[in-house]
Amino acid sequence: EVDWGAIPEPLVQARLQWSGLDWPPGRRSEAEIRNQGTATLNGSAQDYALETAFELAGRSLPSGHWQLKAKGGRQELALVELNAEVLQGWLRGSGALQWRPGLAGQLDLRLCNLQPHELLPDWPVGTPLAASLWLGLDGDWLEIQPLELSLPGTQGRLTLSAKGRL
């Protein structure tokens, strides 16, 4: 009989670099998404760390620089830090995801000084957008607590909270 607890868990130290990856593949002039970047993975399946930095752009996706740091194990992933420089502003986030015993997670996002006119042509140029958002997922339940959106050019704010079944 094998004592599985006595066998050490394999450790991995990996670094991945990529460039010129287009999606869908083989259609460079029509690519929906283009990106390049690096990723490192260190640890074991029980305790690992992931870091990645990449440039991402596409036909319907604004170009930007993204960085992500995460830690995880066999049942969960903690998004320690998410940073993006996109639409001339920035996005910051953190969160967690678990898949055992069931799918659940949460994500906390902050957006500041985004210039969305690249995606929304009717948005006034030079009018920044700021927002904060907390998303929670538990099985088939999704919760938003709250989405706060600063309305440009006004003193107004929009706040939305919602909970529903997917």
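Computed from a predicted structure; not experimentally measured. (Residues numbered from 1 in each chain as written. Predicted model: local features only at pLDDT ≥ 70, side-chain atom pairs only at ≥ 80, totals over all residues. Heavy atoms only, no water.)

A. Representation of the overall build of the protein. Each helix and strand in the protein was counted, giving zero helices and ten strands. Secondary structure elements in the protein, listed N-terminal to C-terminal, are β-β-β-β-β-β-β-β-β-β. A compact globule built from 166 residues should have a C-alpha radius of gyration of about 15 Å, whereas the protein, at 20 Å, is more than 25% larger. When the backbone C-alpha atoms are referred to their principal axes, the protein occupies close to 70 × 40 × 25 Å. By the burial criterion, 23% of the 166 residues in the protein qualify as buried. Sequence-distant contacts in the protein: of pairs separated by 6 or more residues, those separated by 24 or more amount to 30%. Summed over all atoms, the accessible surface of the protein reaches about 11,200 Å², with 57% contributed by carbon and sulfur. (Helix = DSSP H or I, 4+ residues; strand = E, 2+ residues; numbered from the N terminus. Rg over C-alpha atoms; globule rule 2.2 N^0.38 Å. Buried < 20%, exposed > 50% of the residue type's maximum accessible area, 1.4 Å probe, protein only. Contact = heavy atoms within 4.5 Å. Areas by Shrake-Rupley, 256 points an atom, 1.4 Å probe, with all protein chains shown as cover.)

B. Highlighting the environment of glutamine 17. You can see glutamine 17 is positioned in strand S1 (residues 12-23). Classification of glutamine 17 by relative accessible area gives exposed; the value is 59%. Each C-alpha atom of the pair glutamine 17 and arginine 92 lies 24 Å from the other, and the pair is 75 residues apart in sequence. Among residues more than four places away in sequence, those in contact with glutamine 17 are Gly37 and Thr38.

C. Expanded view of the nonpolar core. Among the nonpolar cores identified, the biggest contains 15 residues, and Trp66, Leu82, Ala84, Val86, Leu91, Leu109 and Leu114 are the most heavily contacted of them. Mapped by element, the contributors of at least two residues to this core are strand S5 (76-86), strand S7 (104-114), strand S8 (129-138) and strand S9 (141-150). Looking at which element gives the most residues to this core, the answer is S5, with four residues. Apart from the residues within four sequence positions on either side, leucine 109 is in contact with Leu82, Leu91, Arg92, Gly93, Ala131, Ser132 and Leu133. (Core = buried A, V, L, I, M, F, W, Y, C linked by side-chain atoms within 4.5 Å.)

D. How the structure looks around a nonpolar patch on the surface. On the surface, Leu97, Trp99 and Leu103 cluster together into a nonpolar patch covering about 260 Å² of accessible area. Of note, tryptophan 99 is situated in the loop between strand S6 (89-98) and S7. (Patch = residues over 30% accessible without salt bridge, like charges linked within 9 Å, V, L, I, M, F, W, Y side chains within 5 Å. Salt bridge = Lys/Arg side-chain N within 4 Å of Asp/Glu carboxyl O.)

Everything listed is a geometric property; what it means functionally is a separate question.
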